[in-house]
Amino acid sequence: MCKNKTRSKIRKDTELKNFPLYFPKCKRETLISVNSFHITVIKEPDAKTQSQ
């Protein structure tokens, strides 16, 4: 993670599992899970995974 802002928003009741969170500034993607504002990083790849 590059610890910059993303364009994704979560609410108090949001639940995500294996969500690919994309960081546009560093062009990286990280898999996360979210449950009641508790965010868990599942996988932080070394390589850039965004394909176009």
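Note that the coordinates shown come from a computational prediction; the quantities given were computed from them, not determined experimentally.

Draft legend 1. Focus on the pairing of strand S3 (residues 38–43). Pairing of strand S2 (residues 28–35) with S3, which is carried by 5 bridges, proceeds in the antiparallel orientation. Bridged to Ile 32 within S3 is Val 41. Taking the residues that link successive antiparallel strands as the turn, the S2-S3 hairpin has 2 residues, and the phi of Ser 36 there is positive, at about 55 degrees.

Draft legend 2. Just the nonpolar core, in detail. If you look at the biggest cluster of nonpolar residues, it comprises 5 residues: Leu 21, Phe 23, Cys 26, Ile 32 and Val 34. Elements that contribute at least two residues to this core include exactly strand S1 (15–23) and S2.

Draft legend 3. The pattern of salt bridges, seen in detail. One pass over the full model with this rule turns up 1 salt bridge. Here Arg 11 and Asp 13 are joined by a salt bridge, their closest N and O atoms 2.8 Å apart. A relative accessible area of 55% places Arg 11 in the exposed class.

Draft legend 4. Up close: the sheet that holds S3. Pairing within the open sheet is antiparallel, and its 3 strands lie in the order S1-S2-S3. Unpaired on one side and paired on the other, S1 and S3 mark the two borders of the sheet. Going from strand to strand, the sheet's axes swing by 35 degrees on average, the running direction of each strand aside.

The rules behind these values
- Within every chain, residues take consecutive numbers counted from 1 along the sequence as written.
- Restriction of local features to residues with pLDDT of at least 70 applies here, the model being predicted, together with a cutoff of 80 or more for giving and counting side-chain atom pairs; totals for whole chains, interfaces and linings are based on all residues.
- Derived side-chain values reflect all non-hydrogen atoms in the structure, with water molecules and hydrogen atoms excluded from consideration.
- Any two strands between which DSSP finds at least two bridges are classified as paired.
- Strands here mean DSSP runs of E at least two residues long; helices mean DSSP runs of H or I at least four residues long; both are numbered from the N terminus.
- What is meant by a nonpolar core is a set of buried Ala, Val, Leu, Ile, Met, Phe, Trp, Tyr and Cys residues, joined one to another through side-chain atoms within 4.5 Å.
- Each residue is placed in one exposure class: buried if its accessible area under a 1.4 Å probe, protein chains only, is under 20% of its type's maximum, exposed if it is over 50%, and partly exposed if it falls in between.
- When a carboxyl oxygen of Asp or Glu lies within 4 Å of a side-chain nitrogen of Lys or Arg, that pair is called a salt bridge.
- Working convention: axes come from line fits to C-alpha atoms, limited for helices to the stretch in contact. Angles between N-to-C directions cover 0 to 180 degrees.

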